[in-house]
Amino acid sequence: MSFDGAHILEEARAQIGVCAQKESLDALRIKYLGRKGVVQDLMGRIPTLSAEERRSFGAGVNELKKNLEALFTEKETGLAAAAAGAAKDFVDITLPGKTPLSGRLHLLSQVEGEICGAFSRLGFRVFKGPEAETEFHNFEALNIPLDHPSRDAFDTFYLRPFDVSRSGFSGREKKLLRSHTSPAQIRALKTCPPPMAVVVPGRVYRPDAVDASHSFMFHQVEGIAVDKGIRFSDLKGVLIAFAKEMFGAETRMRFRPSFFPFTEPSAEVDISCFACKGQGCSVCKKSGWLEILGCGMVHPHVFKSAGLDEKKWRGFAFGMGVERVAMLKYGVNDIRLFFENDIRFLEQF
Ligand code: PHE
């Protein structure tokens, strides 16, 4: 007795081939490999065969069974892959859309805006000076002596050879990246005849090694107000009004005598720590005070540099670091975070 294994296999292959669903494939599997299926039926005949027939018949049935199983497995994997692909391509149009990231001002721009905004409400106009500044404006005009350390080639970024005799440039033409915004005082006095009051926001450069509190580039806001009878008390009043607006109405201020070549007298200004209200905490390093700016009355030398009569005019000037104010106000503990462009930091503000 024999059977046509090849024929059965071909028939199965054709039927499996047109299967599009797992359900119809399962039905076919039952038809061929099930308990009452084609293969099982053939197996059932084995006991009726003679000993000689059994061997080749049995081998044929086993072969058929193996080939059928292979066909089913192959098709099953194919169907599963197709189903996965379809699931991947499935678009759920009822889901909410992705919100595009909207841009915003960098924290430093926001704080610069807050500072300039506070002063503009006190009557100051915004003035801008160049970042590539002449040595004259950055130093001489501001009464900074030739032997001042910040005039050293290693303390300032010079844009021309430092050696005047080799560069062929006179002192007035030599340029450098401004080390503070104070040179804009001279430019503002020349451009806006007094009575005047301006604030000057902008970048400044110093070749400091970068660490948590230093950067070779940072931002300052300079201020200068000039009129006929301006007094130190005007400076105090303006700065206190600014500090209350910037750090809260209960902010107190303290002036410590200091020195700047372009102001006389000069002072450094601390505000009472807004975090602990002056009690002493980690923000103010237990002192209760935070240093925020330098200031003073405009030095007569500065008026002369700007071509103004130093007997006629009086004024005050101040300068503060934008990063410092931003770090204090927003609790940022590393200046490098401002410049790394890490969206996870920037989007918090
Ligand atoms: N230019 C000074 C600095 O960079 C700050 C300052 C400005 C001090 C104006 C007094 C008056 O440290």
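Under an unreviewed UniProt entry, the name given to the chain is Phenylalanine--tRNA ligase alpha subunit, and the source organism is Velamenicoccus archaeovorus. Comment text from UniProt for the chain, heading Catalytic activity (unreviewed entry), reads "tRNA(Phe) + L-phenylalanine + ATP = L-phenylalanyl-tRNA(Phe) + AMP + diphosphate + H(+)". UniProt annotates the chain under Subunit (unreviewed entry) with the comment "Tetramer of two alpha and two beta subunits."

(A) Seen up close, the UniProt feature "binding site: Mg(2+)" (unreviewed entry) in the chain. The feature "binding site: Mg(2+)" (unreviewed entry), as given by UniProt, occupies Glu264 in the numbering adopted here. With respect to the element layout, Glu264 can be found in strand 7 (residues 263-272). Apart from the residues within four sequence positions on either side, Glu264 is in contact with Met297 and His299.

(B) Fine view of the packing of aromatic side chains. Counted according to the given criterion, the structure contains 14 aromatic pairs. Geometrically, the ring pair formed by Tyr330 and Phe349 is edge-to-face, given 5.9 Å between the ring centres and 80° between the ring planes. Pair noted here: Tyr330 is in helix 11 (residues 322-330) and Phe349 is in the segment after helix 12 (343-346), with a separation of 19 residues, a long-range link. Ring geometry for Phe338 versus Phe339: centroids 6.3 Å apart, planes at 65°, classification edge-to-face.

Calculation criteria
- Residues numbered from 1 in each chain as written.
- Predicted model: local features only at pLDDT ≥ 70, side-chain atom pairs only at ≥ 80, totals over all residues.
- Heavy atoms only, no water.
- UniProt positions renumbered as here; feature names shortened; annotations may be inferred.
- Helix = DSSP H or I, 4+ residues; strand = E, 2+ residues; numbered from the N terminus.
- Contact = heavy atoms within 4.5 Å.
- Phe/Tyr/Trp six-rings, centres within 6.5 Å; stacked < 30°, edge-to-face > 60°.

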